[in-house]
Amino acid sequence: MRTDTPQTIYRKDYTPPGFMVETVELGFDLDPQRTIVASRLTMTRNPESRARAIELHGENIVLVALRMNGKTLSKRDYRLDDKMLLIPDAPDEVTLEIETLTAPVKNTTLNGLYVSNGNFFTQCEAEGFRNITYFPDRPDVMAKYTVMLRADKATYPVLLSNGNLIEEGELGDGRHYAKWEDPFKKPSYLFALVAARLVCQEETFKLADGRSALLQVWVEEGNLDKTDYAMQSLKNSIRWDEERFGLELDLDRFMIVAVGDFNMGAMENKGLNIFNTKFVLANPRVATDFDYAGIEAVVGHEYFHNWTGNRITCRDWFQLSLKEGLTVFRDQEFSADMIGTDSGRAVTRIDQVRTLRQAQFPEDAGPMAHPVRPDSFVEINNFYTVTVYEKGAEVVRMYQTLLGRERFRKGMDLYFERHDGQAVTCDDFRAAMADAGGRDLSQFERWYSQAGTPVVRAEGRYDADALTYELTLTQSCPATPGQENKLPFHIPVAVGLLGADGRDLHLNVDGHDAVTAVLELTDASRTFRFTGVKEAPTPSILRDFSAPVVLEYDYTDTELLHLFSHDSDPVNRWEAGQRLAMARLLKLTSAVAAGDTLGLDTTFIEALRKILADDALDAAFREQALLLPSESMIADQMAVVDPQAIHQARQFVRRTVGEALKADLRAQYDANQTPGPYSPDALSAGRRGLKNLALSYLASTSSEESIALAQAQFDNAGNMTDRVAALAALIHAGAASAQAALQAFYADFDKEALVIDKWFAMQASAPATDVAAVRALMRHAAFNIKNPNRARSLVFTFCVGNASQFHAPDGSGYAFWAEQVIALDALNPQVASRLARSMDRWRRYAPALQAHMKKALQKVAGVKKLSNDVREVVSKALA
Ligand code: LYS
């Protein structure tokens, strides 16, 4: 019955479920080879539906028994294929009893119920529950769950599920049981269970309303020394949501469980968040500042989902950004508030802008481009994207920019007041914002329905006689697959004007004195006039990155240098530096390709020197300001991408800056040491960041002195941040001692899976690592393609993060890519499909490379038993 052409599902085809489920009782007899799942569902016909039949999803499970209202159904009473179980004739009130069989140990997809390192875990979002039992596995069916887990006690001493533990005990024959009850209605994608040998750090935490909750972080035995930061982040998240949004934890118990085999970052199952170990485990010995920040953000993200996602969920998967965009916005604000300073907040914003440019803008310009609320998909798992998540967060941020913080909060309150306990749409969220804000936000809907990154072109005109400054903003948006013509967006453009002394001019905004005006561009083009402008200003446009757009303005170098030195908006100050750098990198890339001699102007170098040495600026900001646009950002600016030329040009700039600023870099290296015990706080992390950036610039010259400095740091590092920075510097500089350092590092950390991931990743991204070297690393005893973190650390890092080698002129990188996509697809389609995406933008390369890439894509497309996941990605790429 399997059809070979994957089916496209459309948002416009949504129909309400035929039956609602009131209660779900699940019984699990857990066994890796043969797990029996008994389910008892009470269902009622949905008056809003015209469907007659009961429709239950089910895949990769064996139906053992089926009873309706106490009577066993025979094969004539239902229809069954490899995706659905249909009961055509059903009364309005039904109790279904279903028994199914699965083999979790054989489940390499890590979707549904699976085994990792001998323990049982589940992952059900988006459509994994159907791999556990037959069920209307769609988010608009919300029910109350009671779960009984039975398993061997010695092997699986810990039995967890959603909600509260209401009973536990022995069963004899070495087995035990635990019964869990979740008091809240939830969709099936939020179901979870864990049966495992684990230990936990726990704490009772007082909530704002006086209740207390038991907080637990569960890990494997050897990892109990790495749970403090996750626990601290959880407590901070709970406090923050109480204070910022008035939202409280609604359960008596909240659990985080870490698992080493996991497809994504983490999952917000009600009361039982399951996490990739990467976002739980940390101590200074094994985790970097970056890892710590990731843990804080992801713990926050999953916790915040409890309201934005769980209490109010999505009507259908097209609405995914309703919960993900909103929750990313919330975790971004959380991380920023945890730093607490304006400058720290700005650095987090710069990071967000970088992510958008690095990953979302390219997605929006490629074959998989889709609106924040997609109109169709083949495989929903392909739509857990930077567009739905990060651009979705930008869309939420724009409400806050347009309405102001207070009215935005009122909008959130109204959203909860209206929809708690419901499965709703992005339109419902927008309506709450419009109503609470007293604004017409109908045009704003286009941020949800139109794909592509809008371009805003700005032109300024100063009139010295009239003392006016006119800014003309013109918007357009490139065509994307299925969307030829776009209508104007509602774009908030935050603008400030700098005087010759570098200070903000005072602006008259709606009768108020201000330094930043939020202009609302709703037409294709509009001219905004500032009055009383006493001198010709330098415009600072799109402050704080007020909209996810590309801003075009013909800045002169003088204007950019002025902004880079003075803009009071840190994001635009950073942006000016990026523009200066990008212009040079692009010119140098052409020069490399043409075989011309390369040079870098002292004006630019001096501007960097000034920022670097400016101790009034946060170290973290200076690090950002000195970080060059990445190779892929440079590639994004070119009509025909030349990966090797880009790499050489960027290396040339790094070397030249490293040479020219040697003394200043060394001074900052020394000044930003962080003696004393390690702390991941933003200030210390910022100092380490600047110090290690200085080291990497210095090492890019490959001077003996800089190699010795890196070696000394490697030998004496008191934390992982400094250790990997030193090791990376040695590897990238091609130091003779790099191999020995790599070996020492491996020997020191061979028991720490997450550190060994770093070990693979550092080698995979090194410019000297070619396909042959990656293949050799794949033969290393520690490599295991079945583990997603490991596959990502080596294979993905090479394909995505080592452009000059991946795009080897002979096409060997692409052939490698095809092999790995095919191999992974047989094991784990979700992970394979992510790797498949790395070839998305193949049409932007020179014809010779394109030919190799096309061949590789066709090779994958030609595989008969390809998953829908990969099929969708490669067929869209080839279309
Ligand atoms: N909802 C999860 C999150 O917090 C991701 C689930 C991904 C399912 N394929 O982002």
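Here's a quick rundown of the structure. Since this is a predicted model, take the numbers as computed values, not measurements. Residues take numbers from 1 onward in each chain, read along the sequence in its written order. Where local features are concerned, this predicted model is filtered to residues with pLDDT of at least 70; where side-chain atom pairs are given and counted, the filter is 80 or more; whole-chain, interface and lining totals use all residues. Side-chain calculation: all heavy atoms of the structure are included, whereas hydrogens and water are not.

### Section: the side chain of Ser833
With respect to the secondary-structure elements, Ser833 resides in helix H25 (residues 829–836). Throughout, a residue-residue contact means that at least one pair of heavy atoms, one from each residue, lies within 4.5 Å. Once residues lying within four places of it in the same chain are set aside, the contact partners of Ser833 are Asn382, Asp869, Val870 and Val873. For the purposes of this entry, the term helix denotes a DSSP run of H or I that reaches at least four residues, the term strand denotes a run of E that reaches at least two, and both are numbered from the N terminus.

### Some points on the sheet that holds strand S8 (residues 84–87)
Two strands qualify as a pair provided DSSP detects at least 2 bridges between them. A sheet is described by the order of its strands in space; here 3 strands give the open sequence S4-S8-S7, paired in antiparallel fashion. Only two strands of the sheet have a single partner each, and these edge strands are strand S4 (54–57) and strand S7 (79–80). As paired elements, S7 and S8 share 2 bridges and run antiparallel to each other. Note that in S8 the partner of Arg79 across the bridge is Leu86.

### Structural notes on the site of the ligand
Note on definitions. A residue lies near a molecule or strand when any single heavy atom of the residue is within 4 Å of it. Taken together, the neighbourhood of the ligand is formed by 14 residues, with Glu125, Glu268, Glu302, Glu324 and Tyr389 sitting nearest. Contact between the ligand and His305: an oxygen atom at 3.4 Å from a side-chain N or O atom of the residue. Contact with the protein chains hides 95% of the accessible area of the ligand, taken as 320 Å² for the molecule alone. Of all the elements, helix H2 (residues 289–305) adds the most residues to the shell around the ligand, at 3 residues. Polar contact is the term for a pair of N or O atoms within 3.5 Å; when the atoms are in protein, one must be able to donate a hydrogen and the other to accept it, and sequence-neighboring residues count only if both atoms are side-chain atoms. Throughout, the Shrake-Rupley method with a 1.4 Å probe supplies accessible areas, and for residues the shown protein chains are the sole cover considered.

### Observations regarding the state of the cysteines
By convention in this document, the label disulfide applies to cysteine sulfur atom pairs within 2.5 Å. Within this structure, the stated rule accounts for 0 disulfides. We note that Cys124 lacks a disulfide partner, and the nearest cysteine sulfur, in Cys314, lies 16 Å from it. Buried residues are those whose accessible area, probed at 1.4 Å on protein chains only, stays under 20% of the maximum for their type, while exposed residues exceed 50% and partly exposed ones sit between those limits. When its relative accessible area of 0% is taken as the criterion, Cys124 is described as buried. A disulfide-free cysteine, Cys426 has its sulfur positioned 7.2 Å from the sulfur of Cys314, the nearest such atom. Judged by relative accessible area, which is 1%, Cys426 ranks as buried.

### Side note on empty space enclosed by the protein
Cavity: a set of points on a 1 Å grid over the protein atoms alone where a 1.4 Å probe fits but cannot get out. Pocket: an open set with protein on both sides within 12 Å along at least five of seven lines, its lining residues, like those of a cavity, having an atom within 4 Å of a point. Grid points are joined across faces, edges and corners, and a volume is the space filled by probe spheres set on the points. One pass over the full model with this rule turns up 4 cavities of 30 Å³ or more. Quantified by volume, the largest cavity comes out at close to 60 Å³. Looking at the lining of the largest cavity, the elements that each hand over two or more residues are strand S32 (538–541), helix H9 (557–566) and helix H10 (570–594). A per-element tally of the lining of the largest cavity places H10 first, with 4 residues. Put simply, Ala, Val, Leu, Ile, Met, Phe, Trp, Tyr, Cys and Pro go in the nonpolar bin, Asp, Glu, Lys and Arg in the charged bin, and everything else, Gly too, in the polar bin. Each residue belonging to the lining of the largest cavity can be placed in one class, and the counts come to 6 nonpolar, 2 polar and 3 charged.

### With respect to the packing of aromatic side chains
Side-chain rings of Phe, Tyr and Trp, where Trp is taken by its six-membered ring, are said to pair if the distance between their centres is within 6.5 Å; with planes under 30 degrees apart they count as stacked, over 60 as edge-to-face, and otherwise as tilted. This structure, assessed with the given rule, holds 37 aromatic pairs. Geometrically, the ring pair formed by Tyr399 and Phe429 is edge-to-face, given 5.5 Å between the ring centres and 75° between the ring planes. Of this pair, Tyr399 sits in helix H5 (residues 386–403) while Phe429 sits in helix H7 (residues 426–437), and the two are 30 residues apart along the sequence. Note on Phe806 and Tyr814: the rings are 5.3 Å apart at their centroids and 80° apart in plane angle, and the pair reads as edge-to-face. Tyr814 gets classed as buried once you look at its relative accessible area, which sits at 0%. Among the aromatic side chains, those forming a connected cluster through ring pairs are Trp240, Phe245, Phe254, Tyr303, Phe304, Phe329, Phe334 and Phe408. Across from the ring centre of Tyr10, 4.5 Å away, lies the NZ or CZ of Lys12, which sits over that ring. The ring of Tyr14 has Arg315 lying over it, and the distance from NZ or CZ to the ring centre is 3.7 Å. Only when the NZ of Lys or the CZ of Arg is both within 6 Å of the ring centre and within 35 degrees of the ring normal is a charge said to sit over the ring.

### Focus: the packing of helix H11 (residues 602–613) against helix H14 (residues 643–660)
Axes here mean lines fitted to C-alpha atoms, for a helix over just the part in contact, with angles spanning 0 to 180 degrees between N-to-C directions. Two elements in contact, H11 and H14, have axes whose closest approach is 11 Å; the angle formed by their N-to-C orientations is 60°. In the packing of H11 onto H14, the handedness of the crossing is right-handed. Between H11, through Phe604, Ile605, Leu608 and Arg609, and H14, the contact on the second element is made entirely by Val653, Thr656, Val657 and Ala660. Among the residues making up the contact of H11 with H14, the classes are represented as 6 nonpolar, 1 polar and 1 charged. Crossings are assigned a handedness: left-handed for a near helix turned anticlockwise from the far helix by less than a right angle, right-handed for a clockwise turn.

### Focus on the sheet that holds strand S6 (residues 71–72)
Sheets are built from strands paired through backbone hydrogen bonds, the pairs being either parallel or antiparallel. With mixed pairing, the 8 strands of this open sheet are ordered in space as S6-S5-S9-S3-S2-S12-S15-S14. Strands with a single pairing partner mark the edges of an open sheet, and in this sheet they are S6 and strand S14 (164–172). In this sheet, strand S12 (residues 142–152) lies alongside strand S2 (residues 19–29) in parallel orientation, the contact comprising 7 bridges. Paired with Thr23 across the bridge in S12 is Lys144.

### Remarks on the side chain of Thr122
Here Thr122 lies in strand S11 (residues 119–123). Residue classification places Thr122 among the buried residues on the basis of a relative accessible area of 1%. Within polar-contact distance, the side chain of Thr122 engages the backbone nitrogen of Leu193 at 3.0 Å.

### Here's the deal with the pattern of salt bridges
Every case where a carboxyl oxygen of Asp or Glu lies within 4 Å of a side-chain nitrogen of Lys or Arg is listed as a salt bridge. What the rule picks out here adds up to 66 salt bridges. Among the ionic pairs, Asp840 bridges to Arg837, the shortest N-O distance being 2.9 Å. Residue Asp840 shares its accessibility class with Arg837, and that shared class is buried. Residues joined in a network through salt bridges with shared partners are Arg244, Glu333, Asp337, Arg345 and Arg397.

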